[in-house]
Amino acid sequence: SLPRKLCRCSRMVFSHLQQTEELYGKHAAALYAQAADFNKTARFYYMKAQDAYYLANAQASYDDWRRSRRQWDYFYRRK
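Residues numbered from 1 in each chain as written. Predicted model: local features only at pLDDT ≥ 70, side-chain atom pairs only at ≥ 80, totals over all residues. Heavy atoms only, no water.

1. What about a nonpolar patch on the surface?
Logical step 1: Side chains of Trp-72, Tyr-74, Phe-75 and Tyr-76 sit close together on the surface and give an oily, nonpolar patch of about 560 Å² of accessible area.
Logical step 2: Residue placement: Phe-75 occurs in helix H2 (residues 26-75).
Logical step 3: Residue Phe-75 is classed as exposed on the basis of its relative accessible area of 55%. (Patch = residues over 30% accessible without salt bridge, like charges linked within 9 Å, V, L, I, M, F, W, Y side chains within 5 Å. Areas by Shrake-Rupley, 256 points an atom, 1.4 Å probe, with all protein chains shown as cover. Salt bridge = Lys/Arg side-chain N within 4 Å of Asp/Glu carboxyl O. Helix = DSSP H or I, 4+ residues; strand = E, 2+ residues; numbered from the N terminus. Buried < 20%, exposed > 50% of the residue type's maximum accessible area, 1.4 Å probe, protein only.)

Listed below in structure tokens is the structure:
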């Protein structure tokens, strides 16, 4: 289930931070944690921008279809 996966993932991150602290010291471990946080934030905004791009593209496609339909209806009216 999703909560179990999130819990497992957070345990893995915590374990990784402990290993980093043991290898490089507390300051470097804090920098790695900050970098991981920045990476998470950057990924969030990247995915948000990607969603906005796809929504804009879908809207543009729909607008093109609507314009073509109106043009077709103008020249070939149904009687």
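2. Some details on the pattern of salt bridges
Logical step 1: Following the criterion strictly, the structure yields 3 salt bridges and no others.
Logical step 2: A salt bridge links Arg-66 to Asp-63; its shortest N-O distance comes to 3.8 Å. Here Arg-66 pairs with Asp-63, and both are found in helix H2, just 3 residues apart, close to one helical turn.
Logical step 3: Under the relative-accessibility criterion, Asp-63 is labelled partly exposed at 32%.
Logical step 4: Close ionic contact of Arg-67 with Asp-64 constitutes a salt bridge, the shortest N to O distance being 3.3 Å. Taken together, the positions of Arg-67 and Asp-64, both in helix H2 and 3 residues apart, correspond to about one turn of that helix.
Logical step 5: We classify Arg-67 as partly exposed; its relative accessible area is 48%.

By themselves these figures say nothing about function.
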